[in-house]
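As a plain string of letters, each chain reads:
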Amino acid sequence: MNKRNILILVCFFILLMAAGLAYNMLGKKTDAEVLDKLDTFLDGVEISALYDDGEYLWAGTGEGIYLLNKDTGETVKKLDADIKMIFSARIVRTEDGSYMVGHDKGLSVFDDNYNEIKRFSSPEIPAGRVNDIYEDKEGVWAGSQEGAAHLSKKDGSWEVDEVLTVKNGLTEPVVEVIEKVGDEVWFGSYLSGKKGGISIKSADGWKYINTDDGLPHSFINAILPLSDEKVLIGTGQMIYGGLALLEKGASGNWSVSRTWDQSDGLTGMKVRTLFLDSHGRLWVTSETDGLIIVDSVDALNKTPLEGQTISVENGLSDVEIKCIIESDKCFWLGSKYGLNRLAKD
């Protein structure tokens with residue numbers, strides 16, 4: 001076979017794979033019910049973080065932070081457009097009333113009047129986009145593209161008191177997600193070039209969990225503690241990945257006890273977000289085909305999974321739901337292209 005024919009064959013297979021991926025992303029159903037209480041706001045805007053402060057909804061986007069009226073969805077105010085929140089980001093409110101915002105240029109602190117009062121960036125904290133923020137009793141952890149930093153408040157001002165990198169504990173530089181499980185701090189990696197997985201920091205030192213231990217993928221997108229002994233992990237990239245359940249044994253070591261993929265009922269292979277609502281329902285989102293809502297964590301024991309699936313055919317603005325929060329009257333779902341509001345009734 002000559003070079004020209006080989007090139008044609010390669011191009012054919014590339015086009016075939018792209019068509020298959022596009023088919024999966026656009027969805028396979030044609031008769032799905034459009035939900036009449038699913039509204040879209042900020043259409044076409046990438047929504048990477050959401051926070052309900054009781055009065056307004058914060059929407060962290062690639063175009064800055066929008067403050068929205070929760071009843072009408074209208075924009076009340078737009079904060080500094082210098083802040084861009086893309087791919088992964090987070091907004092939290094700390095015990096002292098400060099708002100912590102992780103974005104592409106670092107970590108910003110806002111006061112309760114929505115004014116940015118301080119910004120942390122490299123070399124004070126590890127460089128790159130801040131992907132996640134986790135508040136603990138002593139302060140906050142911020143995970144970035146090159147490590148993680150812990151901040152605490154001293155003499156009325158936030159200061160960095162600890163920095164973690166691959167030189168002192170992490171297996172990979174990119175920290176995508178941070179969670180506290182019991183007395184342990186879990187750092188989930190992304191864009192891993194070696195082992196990837198999860199680095200666990202405790203008083204006894206470091207422990208690591210990766211694909212060698214049974215994780216479906218080395219990229220970690222979500223960590224959802226169910227208890228101090230059970231944790232759900234969302235993994236993957238694009239059309240690869242899956243969901244895993246980790247359990248802590250009598251020896252104190254963690255092991256993967258079960259995994260799920262698309263053949264088990266997930267809407268897509270990459271698990272993008274995990275969310276447990278006030279009714280105990282588990283929301284599992286994918287990167288390529290919307291989400292599934294399972295009635296309870298216990299319902300994971302039955303496969304294929306049973307639950308309501310929601311995607312673009314049902315009115316979502318995009319197949320990839322990146323963040324979910326629950327307000328008093330509705331659920332807010334931030335997608336790659338737009339903000340969705342789903343009424344609770």
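Residues numbered from 1 in each chain as written. Predicted model: local features only at pLDDT ≥ 70, side-chain atom pairs only at ≥ 80, totals over all residues. Heavy atoms only, no water.

Chemist: Would you explain the layout of surface pockets in this entry?
Modeler: The method is simple in principle: a probe with the dimensions of a water molecule rolls over the atoms, and the space it marks as empty is what remains. Of the voids in this model, the largest pocket is the one considered here, and its volume is about 700 Å³. Lining the largest pocket are 32 residues, with R90, D132, T273, L274 and I324 positioned closest to its centre. Mapped onto the lining of the largest pocket, the elements with two or more residues apiece are β2 (47-52), β6 (90-93), β10 (130-135), β14 (175-181), β18 (220-225), β22 (271-276) and β26 (321-326). Among the residues forming the lining of the largest pocket, the class breakdown is 19 nonpolar, five polar and eight charged. Roughly 400 Å³ of internal volume is contained in the second largest pocket. Surrounding the second largest pocket, 21 residues form its lining, F87, Y190, K270, E287 and E320 being those nearest its centre. A per-class count over the lining of the second largest pocket returns eight nonpolar, three polar and ten charged. (1 Å grid on protein atoms, 1.4 Å probe; cavity = no way out; pocket = protein on both sides within 12 Å on 5 of 7 lines; lining within 4 Å. Points joined across faces, edges and corners; volume = space filled by probe spheres on them. Helix = DSSP H or I, 4+ residues; strand = E, 2+ residues; numbered from the N terminus. Nonpolar A, V, L, I, M, F, W, Y, C, P; charged D, E, K, R; others polar.)

Chemist: Help me understand the pairing of strand β4 (residues 64-69) in this model?
Modeler: Consecutive side chains of a regular strand alternate in pointing toward one face of the sheet and then the other. Taken across its six residues, β4 has five buried, putting it largely inside the fold. Pairing of strand β3 (residues 56-61) with β4 involves six bridges; the strand directions are antiparallel. If you follow A59 over to β4, its bridge partner there is Y66. Between β3 and β4, which pair antiparallel one after the other, the connecting turn spans two residues. Relative to strand β5 (residues 75-78), β4 is paired through three bridges, and the arrangement is antiparallel. What sits directly across from L67, in β5, is K77. Remark: five residues form the turn of the hairpin made by β4 and β5, two consecutive strands paired antiparallel; G73 in that turn has positive phi of roughly 80°. (Buried < 20%, exposed > 50% of the residue type's maximum accessible area, 1.4 Å probe, protein only. Pairing = 2+ DSSP bridges.)

Chemist: Is there a simple way to explain the pattern of salt bridges in this structure?
Modeler: Pairing of side chains with opposite charge becomes possible as their charged atoms draw close. This model, assessed by the stated rule, comprises 18 salt bridges. Here K248 and E184 are joined by a salt bridge, their closest N and O atoms 3.7 Å apart. Within this pair, whereas K248 is found in strand β20 (residues 240-248), its partner E184 is found in strand β15 (residues 184-189), the two being separated by 64 residues in sequence. What you see here is one network of salt bridges that share partners, running through D82, K105, E116 and R119. (Salt bridge = Lys/Arg side-chain N within 4 Å of Asp/Glu carboxyl O.)

Chemist: Got a minute to help me understand the sheet that holds strand β13 (residues 157-164) in this structure?
Modeler: Strand pairing within a sheet occurs via backbone hydrogen bonds; the two strands may be parallel or antiparallel. With antiparallel pairing, four strands are arranged side by side in an open sheet as β10-β11-β12-β13. Among the strands making up the open sheet, the edge pair consists of β10 and β13. Strand-to-strand twist across the sheet, computed as the mean angle between neighbouring axes with direction ignored, equals 25°. By the bridge criterion, five bridges tie β10 to strand β11 (residues 140-144) in an arrangement that is antiparallel. Paired with V130 across the two strands is S144, which belongs to β11. (Axes fitted to C-alpha atoms, helices over the stretch in contact; angles between N-to-C directions.)

Read these as spatial facts, not as claims about activity.
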